[in-house]
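Residue strings, one per chain:
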Amino acid sequence: MTYRISELRQTMRSKISVSNLNFYYGKTQALQDISMEIPEREVVAFIGPSGCGKSTFLRTLNRMNDTIAGTRVEGKVTIDEQNIYASGTDVVSLRRKIGMVFQKSNPFPKSIFENVAYGIRINGIHKNKADLHERVEKALRDAALWDEVKDRLNASAFGLSGGQQQRLCIARALAVQPQVILMDEPASALDPIATQKIEELVVDLKKDYTIVIVTHNMQQASRVSDKTAFFMLGKLVEFNPTQKVFQNPDERLTEDYITGRFG
Amino acid sequence: MAETNSQNHGRRKLVSSVMTTLTAACAVFVVAVLLLIISYIAIRGFSSISVQFLIDTPKPVGEGGGIGNAILGSVMMTALAAVIGLPIGVLAGIYLAEFGNNWYGNVVRFLADTLVGVPSIIIGIFIYTLIVVPMGRQSGLAGGLALALIMIPIVARTTEEMIRLVPDAMREGALALGAPQWRVTWNIVLPAASTGIATGAMLAIARITGETAPLLFTALNSRFYNFYLDQPMSSLTVQIFNYATGPFEVEHAMAWAATLILVGIILVINVLVRFLTRKRF
Ligand SMILES: Nc1ncnc2c1ncn2[C@@H]1O[C@H](COP(=O)(O)OP(=O)(O)OP(=O)(O)O)[C@@H](O)[C@H]1O
Ligand SMILES: [Mg+2]
């Protein structure tokens, strides 16, 4: 049954399409010949040992690696049929469409409220002040943070705990209503309850968003994702429906990694 | 095993306490020198300070006189230098930090560092040839410009250093929300670096308030209250120089008093900027 559903899904439109992607930090190649179709309104999990290139790959999808000097991209990444590496691409509006939650939380030196409001303000999404407040509240609720901060919205974001800061960054990304959300280990600093809230959020967001989530937590990958990609040493080893990856993977390497034989 | 461990522990404790004492002693030394200088100036200068002294202009020896016009001149020329020097310095610093990783940035950086090291009297001579000679007279304008020139490279380099301290992760966070580069710089990077930038600006202002040499050729001095920037202008430092090198004891006393006022003004600028830029987030 479940197989049929995932097969059906494979016929769905792909939101992001990557073909023959190579990526270099200076002379060292970090990604090798990666091709992948990320379907619209699904959750794709990236797993793999530390240093295998998950973050690097994620950051090629919103051209965040552009900010690192000496990097180079070969190949093609298209989002909604647009090659994002074509010359003349408007990187600013691309990033507006592709939200990102970073591996290390990075709040702005502003109040909690202003952190979430920032993206709304710069993109001029809100109609008026009340609307702005509503959007900030909704984003904070979605990120399971509202109850903890509603009484100190004007306090500094740096006063929050590490896990709260991470949820603030999630709220900040949600507030601008992107089409795709790239999450780099969003729950690595969170306790089980907050993690569960984030996982519920991810599943919930799937209705409207396409989500890519990097995780070191196998259970998390199996709980939230529709498809799972396994990376090793800069290569995409396997990309299949999550159930298949965890129960009956095509590749021996995948099985070894998932069962904890290395990693 | 246990013995070596406790031996090591004993040694570590000894080294630690010696180092702590040493650093504390050096800290006391620094503060002591400052206190000594300030209290000496205060003792020598305090008795000559009066309201009259603060508002009067210099008079022939024996008839009193004061530093009112010198205070005004210093404030005007420092303000002129700040109005010109701060925006140029800060903007140049922003450029160097955010866009200056190229040959042009390296050239600017090198020249700024060289300019910081140029003796201030050379700056005075430069402005003298550039402004004073064509105008035919010394002026507050020339003095202010000389001070601005001294200020710009200092402000530019400290601004750059402070901006570089802002973590890249913070910039990326804003870029990821679809913020254009200039907004990232303006809304995120500058506020994060503001305390540091203000500290640099304050140090630069304190530095130029204490400059004498570049004003000798450019602003010269004046015995009168002067509100016009195109006229020779008095300044606290040049006035102190004049009083201190005069032959009479009353003049020396006034030099001490004027020095106390100068130190006081610099102190007030320091405190003010600290207060205005205190960390809110
Ligand atoms: N800025 C950089 N400059 C040079 N090399 C880098 C840079 N960032 C990452 N790398 C290298 O690229 C490779 C992939 O790194 P990446 O951060 O993508 O790994 P990752 O899969 O996200 O690991 P982790 O699970 O530990 O986060 C690593 O070998 C890393 O050392
Ligand atoms: Mg990573």
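Residues numbered from 1 in each chain as written. Chains lettered and ligands numbered in written order. Predicted model: local features only at pLDDT ≥ 70, side-chain atom pairs only at ≥ 80, totals over all residues.

Structural notes on the environment of Val-77 of chain A
Residue and element names in this part refer to chain A.
So, point 1. Along the chain, Val-77 turns up in strand E4 (residues 71-79).
So, point 2. Between the C-alpha atoms of Val-77 and Asn-62, which are 15 residues apart in sequence, the distance is 9.6 Å.
So, point 3. Excluding residues that lie within four positions of it along the chain, Val-77 makes contacts with Ile-16, Val-18, Leu-21, Thr-60, Leu-61, Ile-84 and Tyr-85. (Helix = DSSP H or I, 4+ residues; strand = E, 2+ residues; numbered from the N terminus. Contact = placed C-beta atoms within 7 Å.)

Comments concerning the site of ligand 1
Residue and element names in this part refer to chain A.
So, point 1. As a matter of local geometry, ligand 1 sits amid Tyr-25, Ala-30, Gly-48, Ser-50, Gly-51, Cys-52, Gly-53, Lys-54, Ser-55, Thr-56, Ile-68 and Gln-103.
So, point 2. Examining the composition of the shell around ligand 1, we find that three residues originate from one element, helix H2 (residues 54-60), more than from any other.
So, point 3. For the shell around ligand 1, the per-class residue count stands at four nonpolar, seven polar and one charged. (Near = placed C-beta within 6 Å. Nonpolar A, V, L, I, M, F, W, Y, C, P; charged D, E, K, R; others polar.)

So, the sheet that holds strand E10 (residues 235-241) of chain A
Residues and elements named next belong to chain A.
So, point 1. An order of E6-E7-E8-E3-E9-E10 is seen for the six strands of this open sheet, with the pairing classed as mixed. In the strand order of this sheet, the two ends are held by strand E6 (98-101) and E10, each with one partner. Strand-to-strand twist in this sheet, taken as the mean axis angle between neighbours without regard to direction, amounts to 15°.
So, point 2. Bridge count for strand E3 (residues 43-47) against strand E8 (residues 210-214) is four bridges, and the pairing is parallel. Across the sheet, the residue bridging to Val-43 is Ile-211, located in E8. (Pairing = 2+ DSSP bridges. Axes fitted to C-alpha atoms, helices over the stretch in contact; angles between N-to-C directions.)

Focus: the nonpolar core
So, point 1. Within the largest apolar cluster, 143 residues are counted, with the highest numbers of intra-cluster contacts made by Ala-171 of chain A together with Met-151 and Ala-258 of chain B.
So, point 2. When residues in this core are grouped by element, the largest group, 15 residues, is from helix H6 (residues 140-164) of chain B.
So, point 3. Those residues in contact with Ala-171 of chain A, other than ones at most four positions away along the chain, are Val-116, Ala-139, Leu-140, Asp-142, Ala-143 and Leu-145 of chain A. (Core = buried A, V, L, I, M, F, W, Y, C linked by C-beta atoms within 7 Å. Buried ≥ 20, exposed ≤ 12 C-beta atoms within 10 Å, placed from the backbone.)

So, the interface of chain B and chain A
So, point 1. Each side of the interface is counted separately: chain B has 17 residues, and chain A has 26 residues.
So, point 2. Looking at the side of chain B that touches chain A, the elements that each hand over two or more residues are helix H7 (168-176) and helix H8 (181-209) of chain B.
So, point 3. If you tally residues by element for the side of chain B that touches chain A, the top one is H7 of chain B, at seven residues.

Describing the domain arrangement of chain B
All names here are of chain B.
So, point 1. Per the domain assignment, the segments making up chain B are domain 1 (2-46) and domain 2 (52-276).
So, point 2. With centres defined by C-alpha atoms, the gap from domain 1 to domain 2 works out at 34 Å.
So, point 3. Between domain 1 and domain 2, the residue contacts involve six residues of the former and five residues of the latter. (Domains from an automatic or database assignment.)

Section: unusual backbone geometry
A negative phi angle characterises most non-glycine residues, just as the trans form characterises most peptide bonds.
All names here are of chain A.
So, point 1. In this model, Glu-81 sits at a positive phi of 65°, which is unusual for a non-glycine residue.
So, point 2. Judged by C-beta crowding, with 9 C-beta atoms within 10 Å, Glu-81 ranks as exposed.
So, point 3. With phi around 50°, Gln-177 is a residue other than glycine that occupies positive phi space.
So, point 4. With respect to the element layout, Gln-177 can be found in the loop between helix H7 (162-175) and strand E7 (180-184).
So, point 5. A residue is classified by how many C-beta atoms lie within 10 Å of it, and Gln-177, with 18 of them, is partly exposed.

Description of H7 of chain B
So, point 1. For H7 of chain B, the full list of buried residues reads Arg-171, Glu-172, Gly-173, Ala-174, Leu-175 and Ala-176 of chain B.
So, point 2. Buried residues along H7 of chain B sit against helix H3 (91-97), E6 and H7 of chain A together with H8 of chain B.
So, point 3. Of the residues trailing H7 of chain B, Gly-178 of chain B is marked for its positive phi of about 90°.

Focus: the sheet that holds strand E1 (residues 14-25) of chain A
All names here are of chain A.
So, point 1. The strand order across the open sheet formed by four strands is E2-E1-E4-E5, and the pairing between neighbours is antiparallel. A single partner strand is all that each edge strand has here, and the edge strands are strand E2 (28-39) and strand E5 (82-83).
So, point 2. As judged from the eight bridges shared by E1 and E2, these two strands associate in the antiparallel manner. Among the inter-strand pairings, Leu-21 is bridged to a residue of E2, identified as Ile-34.

Re the packing of helix H5 (residues 120-135) of chain B against H6 of chain B
Residue and element names in this part refer to chain B.
So, point 1. At a minimum axis distance of 9 Å, the contact between H5 and H6 shows a crossing angle of 135°. The angle between H5 and H6 places the two elements in the oblique class. Between H5 and H6 lies a crossing whose hand is right-handed. Residues Ser-120, Ile-123, Gly-124, Ile-127, Ile-131 and Val-132 of H5 form the contact with H6, whose own contacting residues are Leu-141, Ala-142, Leu-145, Ala-146, Leu-149 and Ile-150.
So, point 2. Residues that form the contact of H5 with H6 fall into these classes: 10 nonpolar, two polar and no charged. (Parallel < 35°, antiparallel > 145°, perpendicular 65-115°, else oblique. Left-handed = near helix turned anticlockwise from the far one by under 90°.)

Focus: the environment of Met-12 of chain A
Residues and elements named next belong to chain A.
So, point 1. Assignment of secondary structure puts Met-12 in the loop between helix H1 (2-10) and E1.
So, point 2. Using a count of 12 C-beta atoms within 10 Å as the deciding quantity, one classes Met-12 as exposed.
So, point 3. Residues Met-12 and Phe-108 lie 96 residues apart in sequence; the distance between their C-alpha atoms is 38 Å.
So, point 4. With residues near it in sequence (within four places) discarded, Met-12 still touches Pro-39 and Glu-40.

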